[in-house]
2 protein chains.
Amino acid sequence: MKPARDLTTLEVLEIAIKAEIDAAAMYRKMIKMVKNKDLKNRLAFLENEEKAHRALFEREYKAKFPDVDLEVPKKSSVPSVEEALHKDLSLKELFEVAMEAELLSEKFYSELAQVSSDLQATATYKYLARVEHGHYDMLENELNYLKQFPEYYQSEYFNFDDNAYHVGP
Amino acid sequence: MKPARDLTTLEVLEIAIKAEIDAAAMYRKMIKMVKNKDLKNRLAFLENEEKAHRALFEREYKAKFPDVDLEVPKKSSVPSVEEALHKDLSLKELFEVAMEAELLSEKFYSELAQVSSDLQATATYKYLARVEHGHYDMLENELNYLKQFPEYYQSEYFNFDDNAYHVGP
């Protein structure tokens, strides 16, 4: 991908919209693999966050380019995301790809904050970068717990005492 | 409040349940003051997270003390939370109290992780401490954005371009 500073505003918005569509799709895929209600809710929240970001960028696109039809790139610019959406991966692998994607989004929005000359755009990209970083932290914490208690995502409600299958550390 | 290590398991669970009830009530109060749909969703997510924690602790209470009636403390152990729930505060002030409460929860769960001898309880308290820290980060990012764009929470959808009322930095 070209560095953010070499992209036109139109390209930026198209790339951002595609990345948010893919991220939402990835969380949708993960939700289907999980039985635990709390984890499902967390993933649904992440899906909704990415949908809200997509909507924000689509409103921005319409405002800035009212006469241009939006052309969302067909392929994700991140190969591991493209693969995750079309292949059979384990839940853990999907967590890892989602975390990578969140970090890339954070980086993309941080770069855009740096090259934006408009104060509000700068603040909004900084805000979005921190939101994506928060998603990364949330996923990391969930994955860490999941690795210690693999039964966590398979039981509707997971309790302090459900340690029949307890493994490591 | 006594240090976590001096509390009985029963006291720990009662305090945690009360804190999660209060946190959920605070987010409910904040949701009513906000028009922005995305921010409303974020606060509703936080409310649901605290409800899920409460349910987790209530299940644990029933498992550990099946014959003891749960007695939730009437007053919050955090004066600013008690005040926030019963006084008229601005949305910004509520954000600040909520952030303080999240940090205190993080501290409480971290201490419990340190004094727990059971591996799963230790891991679960560490996990919960990080969840509450994530809530703190989310609130801080929202409050920061809100301070720059006070109109953010008052408009149903906030856009990059809605900078008619733009203030600072």
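Report follows, based on the coordinates. All values reported here derive from a predicted model rather than from experimental measurement.

Rules used throughout
- Residues numbered from 1 in each chain as written.
- Chains lettered and ligands numbered in written order.
- Predicted model: local features only at pLDDT ≥ 70, side-chain atom pairs only at ≥ 80, totals over all residues.
- Heavy atoms only, no water.
- Helix = DSSP H or I, 4+ residues; strand = E, 2+ residues; numbered from the N terminus.
- Contact = heavy atoms within 4.5 Å.
- Lys, Arg positive; Asp, Glu negative; His and termini not counted.
- Charge placed at Lys NZ, Arg CZ, Asp CG, Glu CD.
- Salt bridge = Lys/Arg side-chain N within 4 Å of Asp/Glu carboxyl O.
- Buried < 20%, exposed > 50% of the residue type's maximum accessible area, 1.4 Å probe, protein only.
- Least-squares fit on C-alpha atoms with pLDDT ≥ 70 in both.
- Core = buried A, V, L, I, M, F, W, Y, C linked by side-chain atoms within 4.5 Å.
- Buried area = accessible area lost by both parts, 1.4 Å probe.
- Polar contact = N/O pair within 3.5 Å; in protein donor to acceptor, adjacent residues only side chain to side chain.
- Nonpolar A, V, L, I, M, F, W, Y, C, P; charged D, E, K, R; others polar.
- Axes fitted to C-alpha atoms, helices over the stretch in contact; angles between N-to-C directions.
- Parallel < 35°, antiparallel > 145°, perpendicular 65-115°, else oblique.
- Phe/Tyr/Trp six-rings, centres within 6.5 Å; stacked < 30°, edge-to-face > 60°.

Examining the overall build of chain A
Okay, step 1: Helix and strand counts for chain A stand at five helices and zero strands.
Okay, step 2: Secondary structure elements of chain A, listed N to C terminal, follow the sequence α-α-α-α-α.
Okay, step 3: Overall, the C-alpha framework of chain A stretches about 60 × 30 × 25 Å when taken along its three principal axes.
Okay, step 4: Counted over contacts in chain A with a minimum sequence separation of 6, partners at least 24 positions apart contribute 69%.
Okay, step 5: The positive charge centre, built from 23 side chains, and the negative charge centre, built from 32, are 3 Å apart in chain A.

Some points on the pattern of salt bridges
Okay, step 1: All told, the structure shown has 20 salt bridges over all chains when counted by the stated rule.
Okay, step 2: Two residues, Lys18 of chain B and Asp22 of chain B, come together in a salt bridge whose shortest N-O distance is 3.1 Å. Remark: Asp22 of chain B and Lys18 of chain B occur in helix α1 (residues 9–32); sequence separation between them is four residues, near one turn of the helix.
Okay, step 3: Judged by its relative accessible area of 6%, Asp22 of chain B falls in the buried class.
Okay, step 4: For the salt bridge of Glu47 of chain B with Lys51 of chain B, the shortest nitrogen-to-oxygen distance reads 3.2 Å. Linking Glu47 of chain B with Lys51 of chain B, this pair stays in helix α2 (residues 37–64), spanning four residues, or about one helical turn.
Okay, step 5: When its relative accessible area of 41% is taken as the criterion, Lys51 of chain B is described as partly exposed.
Okay, step 6: Each member of the salt-bridge network shares a partner with another, and the members are Arg28, Glu47 and Lys51 of chain A.

Looking at the relation of the copies chain A and chain B
Okay, step 1: Superposing chain A onto chain B takes a rotation of 180° plus a shift of 0.0 Å along the axis, which leaves an RMSD of 0.0 Å. The transformation just described matches what one would write down for a two-fold rotation axis.
Okay, step 2: Interface overlap between copies is the fraction of interface residues in one copy that are interface residues in the other; for chain A against chain B it reaches 100%, indicating a shared surface.

Brief notes about the nonpolar core
Okay, step 1: Core analysis: the biggest nonpolar cluster contains 108 residues, and Tyr125 of chain A together with Tyr125 of chain B have the highest contact counts within it.
Okay, step 2: Dropping the residues within four chain positions of it, Tyr125 of chain A is found in contact with Val12, Leu13, Phe57, Tyr109, Leu112, Ala113 and Ser116 of chain A together with Phe160 of chain B.

Remarks on the interface of chain A and chain B
Okay, step 1: With 41 residues of chain A at the contact, the number on the chain B side is 42 residues.
Okay, step 2: Buried area between chain A and chain B, summed over both chains or domains, comes out near 3,700 Å², and the portion from carbon and sulfur atoms is 52%.
Okay, step 3: On the chain A side of the interface with chain B, the three residues burying the most area are Gln120, Tyr127 and Phe160 of chain A, jointly 24% of the side's total.
Okay, step 4: Inspection of the region where chain A meets chain B yields four salt bridges.
Okay, step 5: As a salt-bridge pair, Arg42 of chain A and Glu49 of chain B come within 2.7 Å of each other at their nearest N and O atoms.
Okay, step 6: At the boundary of chain A with chain B, the tally comes to 16 residue pairs in polar contact (both at pLDDT 80 or more).
Okay, step 7: Counting only elements with at least two residues in the side of chain A that touches chain B, the list comes to α2 (37–64) and α5 (119–148) of chain A.
Okay, step 8: The biggest single contributor to the side of chain A that touches chain B is α5 of chain A, with 17 residues.
Okay, step 9: A class-by-class count of the residues in the side of chain A that touches chain B yields 19 nonpolar, nine polar and 13 charged.

Comments concerning the packing of α5 of chain A against helix α5 (residues 119–148) of chain B
Okay, step 1: Look at α5 of chain A against α5 of chain B: their axes get within 10 Å of each other, and the N-to-C directions meet at 175°. Put simply, α5 of chain A runs roughly antiparallel to α5 of chain B. On α5 of chain B, the residues touching Ala123, Thr124, Tyr127, Arg130, Val131, Asp137, Glu140, Asn141, Glu142, Asn144, Tyr145 and Gln148 of chain A of α5 of chain A are Ala123, Thr124, Tyr127, Arg130, Val131, Asp137, Glu140, Asn141, Glu142, Asn144, Tyr145 and Gln148 of chain B.

What to know about the side chain of Thr122 of chain B
Okay, step 1: Tracing the sequence through the fold places Thr122 of chain B in helix α5.
Okay, step 2: When neighbours within four sequence positions are excluded, Thr122 of chain B is seen to be in contact with Ala113 and Ser116 of chain B.

Some words on the packing of aromatic side chains
Okay, step 1: This structure, assessed with the given rule, holds 25 aromatic pairs over all chains.
Okay, step 2: Between the aromatic rings of Tyr127 of chain A and Tyr152 of chain B, the centroid separation amounts to 6.4 Å while the plane-to-plane angle is 70°, which identifies the pairing as edge-to-face. You can see Tyr127 of chain A sitting in helix α5 and its partner Tyr152 of chain B sitting in the segment after α5, one on each of two chains.
Okay, step 3: Here Tyr127 of chain A falls in the buried class, since its relative accessible area comes to 7%.

Section: the side chain of Ser76 of chain B
Residue and element names in this part refer to chain B.
Okay, step 1: Inspection of the secondary structure puts Ser76 in the loop between α2 and α3 (79–86).
Okay, step 2: Judged by its relative accessible area of 14%, Ser76 is buried.
Okay, step 3: Looking at Ser76, its side chain comes within polar contact range of the side chain of Asp22, at 3.4 Å.
Okay, step 4: There is a polar contact of 3.0 Å between the side chain of Ser76 and the backbone nitrogen of Val78.
Okay, step 5: Excluding its chain neighbours within four sequence positions, the residues that come into contact with Ser76 are Lys18, Asp22, Val81 and Glu82.

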